[in-house]
Amino acid sequence: MSEALGMIECRSFPAMVEAADAMVKAAKVEFVSYEKTGGGYTTAVVRGDVAAVRAACDAGRVAGARVGDVVAVHVIARPHNGVDVTIPLGRGPDSAKK
């Protein structure tokens, strides 16, 4: 199974929570973290199968836009192990070495 990384950045915390809720309800993905990036921007991060992450991000985009502004949505199909080592985003250091 190919692991994917999906991110949705919103302009408000409530919009990000709404997007995250929609993502985990829409597909079999794991909500692994969120980041407050400053200026009211927050990003939700999910992981799972590539198709599931794409479906989850599509649902999250729609749901987040109902509550606030969705700034960016991005899916990385198979992030390089170096990304997981440097920026774990829901993975422990041992899982990136596999």
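Below is a summary of the structure that appears in this document. Just so you know, these numbers come straight off a predicted model, no measurement behind them. Counting from 1, residues in each chain are numbered in the order their sequence is written. Only residues with pLDDT of at least 70 are given local features in this predicted model, and only at 80 or more are side-chain atom pairs given and counted; all residues enter the totals for whole chains, interfaces and linings. Hydrogens and water molecules were not included; the side-chain quantities draw on all heavy atoms of the structure.

## What about the sheet that holds strand 1 (residues 3-10)?
Any two strands between which DSSP finds at least two bridges are classified as paired. Strands are runs of DSSP state E lasting at least 2 residues, helices are runs of H or I lasting at least 4, and numbering of each runs from the N terminus. If you trace the 4 strands from one edge of the open sheet to the other, you get 2-3-1-4, paired in antiparallel fashion. A strand with exactly one partner marks an edge of an open sheet, and here the two such strands are strand 2 (29-38) and strand 4 (70-76). Across this sheet, the average inter-strand angle for adjacent strands is 15 degrees, counted without regard to direction. Two strands pair when backbone bridges link them, and strand 2 and strand 3 (residues 41-49) are joined in this way by 8 bridges, in the antiparallel orientation. Paired with Ser 33 across the bridge in strand 3 is Val 45. Packed on one face of the sheet, helix 2 (residues 50-67) meets strand 1, strand 2, strand 3 and strand 4 and runs near 10 degrees to strand 1. Only the stretch in contact is used when a helix axis is fitted, and all axes are lines through C-alpha atoms; the angle between N-to-C directions ranges over 0 to 180 degrees. Residue contacts follow a heavy-atom distance rule, with two residues in contact if any of their heavy atoms lie within 4.5 Å.

## What about the nonpolar core?
Only buried Ala, Val, Leu, Ile, Met, Phe, Trp, Tyr and Cys residues count toward a nonpolar core, and they belong to the same one when joined by side-chain atoms within 4.5 Å. Remark: exposure states derive from per-residue accessible area (1.4 Å probe, protein chains only) relative to the maximum for the residue type, with buried under 20%, exposed over 50%, and partly exposed in between. In this structure, Ile 8, Cys 10, Met 23, Val 29, Val 53 and Cys 57 are the most contacted members of the largest nonpolar core, which totals 19 residues. Broken down by secondary-structure element, the contributors of at least two residues to this core are strand 1, helix 1 (13-26), strand 3 and helix 2. With sequence-adjacent residues up to four places away left out, Ile 8 is seen in contact with Ala 19, Met 23, Thr 42, Thr 43, Ala 44, Cys 57, Gly 60, Arg 61, Val 70, Ala 72 and Val 73.

## Here we look at the side chain of Ser 33
Following the sequence through the fold, Ser 33 ends up in strand 2. On the accessibility criterion, Ser 33 (17% relative accessible area) is buried. If we ignore the near neighbours within four places in the chain, the residues touching Ser 33 are Thr 43, Ala 44, Val 45 and Leu 89.

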